[in-house]
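# Understanding the architecture of this molecule
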Amino acid sequence: MALVPMKDLLEKARAGKYAVPAFDVSNLEFVRAVAEVAEEMRSPVICMVVPPDAEAAMPYLVSLVRTAAGQVSVPVALHLDHSPSFELCQQAVDAGFSSVMIDGSSLPYAENVALTKKVVAYARPRGVTIEAELGHVGKAEVYAGEGEDEGHLTDPADVDRFVADTAVDALAVAVGTAHGIYTAAPKLDIPRLQAINAVSKVPLVLHGGSGTPDEQVKDAIAHGIAKLNIFSELCVALVDGLKEFLATNERRAPWPMYIYEKPLELMKDVVRRKIELCGSAGKA
Ligand SMILES: [Zn+2]
C-alpha cells in the first residue's frame, strides 16, 4: 500500500478504543522489524523518524519506509517525530511524510500555538497529518547522558482552546510518562487523562511509552490514548542483540546479515509485544 495519513489511523483507533503503535525507525532493521510484524499481526502501524535521523538521512529513511509500505497489505503512516522547527516539518512534508509532529511544548502557550498553526497551514493542504504537544513530556533520568527533566503535565483546561486555536489532528499529552529509559516506574495520572479525553476533539498520543508498565499503558488506552510512541525499547533490543552476537559468534563471518539476525529477532519481539499491548492486532 501507499503511505496513509496518520489521522485516518488514529480516528479509527479512537473510535475502536485501541491504540496504533508508533515506532521510531533508524535503519533498515528497524523498518523491517516494524513492517514484517505489523503484516504478520494485521496491525496498522506508524513508522516515525526522530530529528537527528531526519537530518542525517531523511531521503534514505523515506525510501525505506515507502518500500516497506509497498511490501505489506496493512496501512503504514510515516511520521516526523518531535520536530523543533517549521523548516524540518516543511522538509518532511516535501519529502513524502504522511504526518509530522511540531513540538512547541517548551514554548509559552501563545508561541506554541503560533508555531503549530504555521505547520498546519503548510501540511494540511498537502494531505499531511499534524500532531502537536501541549504540556511537556520530559526526559527520564537516563536519556543520552542528559539530566533529569520532569516536564509539565497537560492542563485539561487548555486542551479545547489549543485544539481550536491550532486545528491540529492529534495531541500529545503529558500525563506522567518521560522519554528514554526509566530508573523508576512512572505513575500515570489517569484522572487527568480522562479529563483531557473528555474535552479533546482529536485523538491523544502517549509519548515515553518505552518502559511504562503494561497495566498503566492499557489503562491509558482505555481512557483515550490512540497512539503509543516507542523508541528506547527498540534501541535496547538492538544493542542487546549486537552484544549477544559479539559474545557468541566471534568466529562467524562478520557479515551484516549475520550480525543483525539477533537484533532483528529481538526488535521484532518488542514490536509484537507492543502491538499486543495496543490492541491493534487484526485492526488493519
Ligand atoms: Zn516523544
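Shown above is the structure to which this text applies.
What counts, and at which threshold
- Residues numbered from 1 in each chain as written.
- Predicted model: local features only at pLDDT ≥ 70, side-chain atom pairs only at ≥ 80, totals over all residues.
- Heavy atoms only, no water.
- Axes fitted to C-alpha atoms, helices over the stretch in contact; angles between N-to-C directions.
- Helix = DSSP H or I, 4+ residues; strand = E, 2+ residues; numbered from the N terminus.
- Parallel < 35°, antiparallel > 145°, perpendicular 65-115°, else oblique.
- Left-handed = near helix turned anticlockwise from the far one by under 90°.
- Contact = heavy atoms within 4.5 Å.
- Nonpolar A, V, L, I, M, F, W, Y, C, P; charged D, E, K, R; others polar.
- Core = buried A, V, L, I, M, F, W, Y, C linked by side-chain atoms within 4.5 Å.
- Buried < 20%, exposed > 50% of the residue type's maximum accessible area, 1.4 Å probe, protein only.
- Polar contact = N/O pair within 3.5 Å; in protein donor to acceptor, adjacent residues only side chain to side chain.
- Pairing = 2+ DSSP bridges.
- Donors = N, O, S within 2.8 Å, 3.2 Å for Na, K, Ca; no water.
- Arc of directions from axis to C-beta.
- Expected span 1.5 Å × (residues − 1).
- Bend = angle between axes of the 7 residues up to and from the residue.

So, about the packing of helix α4 (residues 86-95) against helix α5 (residues 109-123). Closest axis-to-axis distance for the α4/α5 pair is 10 Å, and the angle between their directions is 15°. Judged on the interaxial angle alone, α5 and α4 are roughly parallel. Note on packing geometry: the crossing formed by α4 with α5 is right-handed. Contact residues: α4 offers F86, C89, Q90, V93 and D94, while α5 offers L115, K118, V119, Y122 and A123. Taken together, the residues that form the contact of α4 with α5 break down as 7 nonpolar, 1 polar and 2 charged.

V100 and L171 are the most contacted members of the largest nonpolar core, which totals 75 residues. Residue contributions to this core peak at 8 residues, all from helix α2 (residues 28-41). Ignoring anything within four residues of it in the chain, the contact list for V100 reads H79, L80, C89, A92, V93, V119, A123, V128, T129, I130 and E131. Counting residues in hydrophobic clusters, the runner-up holds 16 residues, among them A22, M101, V205 and A226.

With that settled, consider the side chain of T154. Turning to its location among the elements, T154 is positioned in the loop between β5 (129-134) and α6 (156-166). Only 2.7 Å separates the side chain of T154 from the backbone nitrogen of A174, close enough to count as a polar contact. Once you skip the residues sitting within four places of it in the chain, T154 turns out to touch L134, G135, V159, V173, A174, R192 and I196.

Next up on the list: the sheet that holds strand β1 (residues 20-24). Spatially, the 8 strands close up into a barrel ordered β1-β2-β3-β4-β5-β6-β7-β8, and their pairing is parallel. This sheet shows a mean twist of 30° between the axes of neighbouring strands, independent of strand direction. Pairing between strand β3 (residues 76-83) and strand β4 (residues 99-102): 3 bridges, direction parallel. The partner of S83 across the bridge, within β4, is I102. Strands β1 and β8 (225-230) of the sheet are contacted by helix α11 (residues 261-278), whose axis makes an angle of about 150° with β1.

It is at 9 Å that the axes of α5 and α6 come closest, and there the two elements cross at 40°. Every residue of α6 that contacts α5 at Y109, N112, V113, T116, K117 and V120 is listed here: D158, R161, F162, D165 and T166. Taken together, the residues of the contact of α5 with α6 break down into 4 nonpolar, 3 polar and 4 charged.

On the protein side, the zinc ion has H82 (NE2), H179 (NE2) and H207 (ND1) as donor atoms, found 2.0 to 2.1 Å from it. Taken in chain order, the donor set of the zinc ion reads H-x96-H-x27-H. Highlighted residues: H179 in the loop between β6 (170-173) and α7 (190-199) and H207 in the loop between β7 (204-206) and α8 (214-222), separated in sequence by 28 residues. Considered together, H179 and H207 belong to a single accessibility category, that of buried residues.

Looking at α8, one finds that the buried residues are V217, A220 and I221. Here the buried residues of α8 occupy an arc of 100° about the axis, which is enough to place them on one side. Summarising the contacts, the buried residues of α8 are in contact with α7, β7, β8 and α11.

Time to look at helix α3 (residues 51-71). Between the first and last C-alpha of α3 there are merely 26 Å, a value that for 21 residues lags more than 12% behind the 30 Å anticipated at 1.5 Å per step. Where α3 bends most, the angle comes to about 100°, and this point is A57, followed within four residues by the proline P59. Taken residue by residue, α3 has P51, D53, A54, M58, L61, V62, V65, A68 and A69 as its buried positions. Here the buried face of α3 lies against α2, β2 (45-49), β3 and α4.

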